[in-house]
Amino acid sequence: MTLRLPSELVAAGLAPPDELAGLARVAARYAIAITPDIAGLIDSSDPNDPIARQFVPNIAELTTTPDERADPIGDHAHSPVEGIVHRYPDRVLLKLVNVCAVYCRFCFRREMVGPGKQMLSPQELDAALAYVRAHPEIWEVILTGGDPLVLSARRLGEVIRRIGGIEYVKVIRLHTRLPAVAPEKITPSLVRALKAPGKTTYVALHANHPRELTPAARAACARIVDAGIPMVSQSVLLRGVNDDVKTLEELMRAFVECRIKPYYLHHADLAPGTSRFRTTIEEGQALMRALRGRVSGLAQPTYVLDIPGGFGKVPVGPGYIDMCGDAGAMVEDIKGVRHAY
Ligand code: SF4
């Protein structure tokens with residue numbers, strides 16, 4: 001059973017009884033869900049367990065720092081109709097559902113997701129798809145949310161068929177945590193529902209720690225990839241979860257072993273009550289530099305920052321070259337030694 005109440009967390013040994021009142025205040029503001037697969041991964045004897053840190057609520061979530069904001073990446077500023085975010089010319093986000101199988105304590109859309117904020121209404125979905133149809137520059141539709149894979153195969157398949165019917169949409173991408181947090185939900189019929197005739201589907205798996213890639217999670221990913229659906233990864237750089245190079249290395253190797261191309265390592269966004277998770281960008285760059293010295297290009301994600309306010313996502317280094325005008329350039333190798341070019 002998915003744990004949703006602070007009392008259930010206490011009963012499961014995932015939170016101490018004396019924190020119950022504080023966690024009830026957190027639960028009144030932000031959704032909680034921990035699936036059996038994730039609960040089973042938590043080592044409750046370890047106060048710093050990296051899985052618990054991602055999913056077990058903490059009283060610190062009630063403290064918002066001055067730089068944090070309810071809509072950290074500016075979705076609202078780019079939302080022409082309910083459910084659509086059109087930030088870049090050739091692609092849109094379609095936020096089909098606002099519920100997830102788990103609720104991550106660092107979630108950048110934490111003010112927008114949770115039970116009770118279910119799915120787009122049929123009329124809203126019609127309007128969202130009409131918007132896509134009216135914009136021939138849209139080449140890719142990205143289903144996110146919320147986690148679109150929490151929908152039944154029938155409902156998700158219906159939406160994907162409708163998107164697939166839009167001539168100039170060539171790529172349908174789904175962002176999900178489900179293969180890792182509830183792998184049994186990745187059924188053959190759900191996998192079939194992800195594909196639309198003549199279109200390319202990608203699945204982006206969100207995972208942050210190598211322990212999330214359990215044998216069951218790897219098998220769920222294999223069901224997707226074996227169906228001819230390429231997968232990419234997205235992870236968030238999180239203090240106390242994956243902010244050391246050994247963990248990042250293991251995570252990226254695990255993705256590649258699962259035929260998932262490491263895609264993005266996100267700098268943690270300025271979501272309310274999440275400051276305990278954020279590293280500095282300098283720390284992130286140092287980790288990326290260290291990772292480059294340890295794993296092949298196949299296992300390298302791009303370290304990105306979503307510029308607060310809705311200005312989009314950009315790579316934030318580190319850089320390896322300084323241009324020196326007519327004198328050429330100085331290039332740094334993976335050991336940090338600089339060379340004239
Ligand atoms: S699965 Fe994604 S949208 Fe849902 S809580 Fe986690 S980060 Fe937020």
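How each quantity is defined
- Residues numbered from 1 in each chain as written.
- Predicted model: local features only at pLDDT ≥ 70, side-chain atom pairs only at ≥ 80, totals over all residues.
- Heavy atoms only, no water.
- Helix = DSSP H or I, 4+ residues; strand = E, 2+ residues; numbered from the N terminus.
- Buried < 20%, exposed > 50% of the residue type's maximum accessible area, 1.4 Å probe, protein only.
- Contact = heavy atoms within 4.5 Å.
- Areas by Shrake-Rupley, 256 points an atom, 1.4 Å probe, with all protein chains shown as cover.
- Lys, Arg positive; Asp, Glu negative; His and termini not counted.
- Charge placed at Lys NZ, Arg CZ, Asp CG, Glu CD.
- Near = heavy atom within 4 Å.
- Nonpolar A, V, L, I, M, F, W, Y, C, P; charged D, E, K, R; others polar.
- Pairing = 2+ DSSP bridges.
- Axes fitted to C-alpha atoms, helices over the stretch in contact; angles between N-to-C directions.
- Salt bridge = Lys/Arg side-chain N within 4 Å of Asp/Glu carboxyl O.
- Core = buried A, V, L, I, M, F, W, Y, C linked by side-chain atoms within 4.5 Å.

J.: Kindly report on the overall build of the protein chain, identifying the contributing residues and their values.
T.: Within the protein chain one finds 11 helices and 12 strands. Once the C-alpha set of the protein chain is aligned to its principal axes, its extents read approximately 60 × 55 × 40 Å. Across the 341 residues of the protein chain, 52% fall into the buried class. At a minimum sequence separation of 6, the contacts of the protein chain that also span at least 24 residues come to 74%. Surface summary for the protein chain: the accessible area is close to 14900 Å², and the carbon and sulfur share equals 57%. In the protein chain, the 40 positive side-chain charges and the 38 negative ones have mean positions that sit 5 Å from each other.

J.: Outline the site of the ligand, supporting the account with residue identities and numerical values.
T.: Looking at the ligand, the residues that line it are Cys100, Val102, Tyr103, Cys104, Cys107, Gly146, Arg177 and His206. Taken together, the residues of the shell around the ligand break down into 5 nonpolar, 2 polar and 1 charged.

J.: Kindly report on the sheet that holds strand S5 (residues 200–206), identifying the contributing residues and their values.
T.: Sheet architecture is open: 9 strands sit in the order S1-S2-S3-S4-S5-S6-S7-S8-S9, paired in mixed fashion. Edge positions in the sheet fall to strand S1 (84–88) and strand S9 (313–315), since each has one partner strand and no second. The sheet shows a mean angle of 25° between the axes of neighbouring strands, direction not considered. In the sheet, S1 pairs with strand S2 (residues 91–95) via 3 bridges, with the strands oriented antiparallel. Considered in S2, the bridge of Tyr88 is made with Arg91. The strands touched by helix H10 (residues 245–257) are S5, strand S6 (231–237) and strand S7 (260–267); relative to S7, the strand with the most contacts, the crossing angle is about 145°. Helix-sheet contacts for helix H11 (residues 281–292) involve S6, S7 and strand S8 (302–306), and the interaxial angle to S8 is about 165°.

J.: Before we move on, could you go through the sheet that holds strand S12 (residues 338–340) and cite the residues and values that matter?
T.: Read across the open sheet, the 3 strands follow the order S10-S11-S12; overall the sheet is antiparallel. Every other strand in the sheet has two partners, leaving strand S10 (321–323) and S12 as the edge strands with one partner each. If you compare each strand with its neighbour and ignore which way they point, the axes differ by 20° on average. Alignment of strand S11 (residues 329–332) against S12, held across 3 bridges, turns out to be antiparallel. Bridge pairing in S12 places Val331 opposite His339.

J.: Go over the pattern of salt bridges, please, and point to the residues and values.
T.: Enumeration over the complete set of coordinates arrives at 23 salt bridges. For Glu68, the salt bridge identified is with Arg278, shortest N-O distance 2.7 Å. Residue Glu68 is located in the loop between helix H4 (50–55) and S1, and its partner Arg278 is located in the loop between S7 and H11; the two are separated by 210 residues in the primary sequence. The pair formed by Glu68 and Arg278 is uniform in burial state, with each residue classed as buried. Here Glu158 and Arg161 are joined by a salt bridge, their closest N and O atoms 3.4 Å apart. Separated by 3 residues within a single helix, Glu158 and Arg161 lie in helix H6 (residues 153–164), roughly one turn from each other. What makes Arg161 exposed here is its relative accessible area of 52%. Salt bridges sharing common partners tie together Glu61, Arg105, Arg110 and Arg276.

J.: Account for the nonpolar core, with residues named and values stated.
T.: Counting residues in each nonpolar core, the largest one holds 93 residues, and the members touching the most others are Leu94, Val141, Leu143, Leu156, Ile163 and Leu205. Among the elements that line this core, the one with the most residues is H10, at 6 residues.

J.: Describe in detail the side chain of Asp75, supporting the description with residues and values.
T.: Mapped onto the fold, Asp75 is located in the loop between H4 and S1. Given a relative accessible area of 1%, Asp75 falls into the buried group. When near neighbours in sequence (up to four residues on either side) are disregarded, Asp75 contacts Val85, Arg87, Lys95, Arg109 and Met112.

J.: Go over the environment of Pro89 with me, naming the residues and quoting the values.
T.: Position of Pro89 relative to the elements: it lies in the loop between S1 and S2. A C-alpha to C-alpha distance of 29 Å links Pro89 and Asn208, two positions 119 residues apart in sequence. Apart from residues lying up to four places away in sequence, Pro89 is in contact with Glu137 and Ile138.

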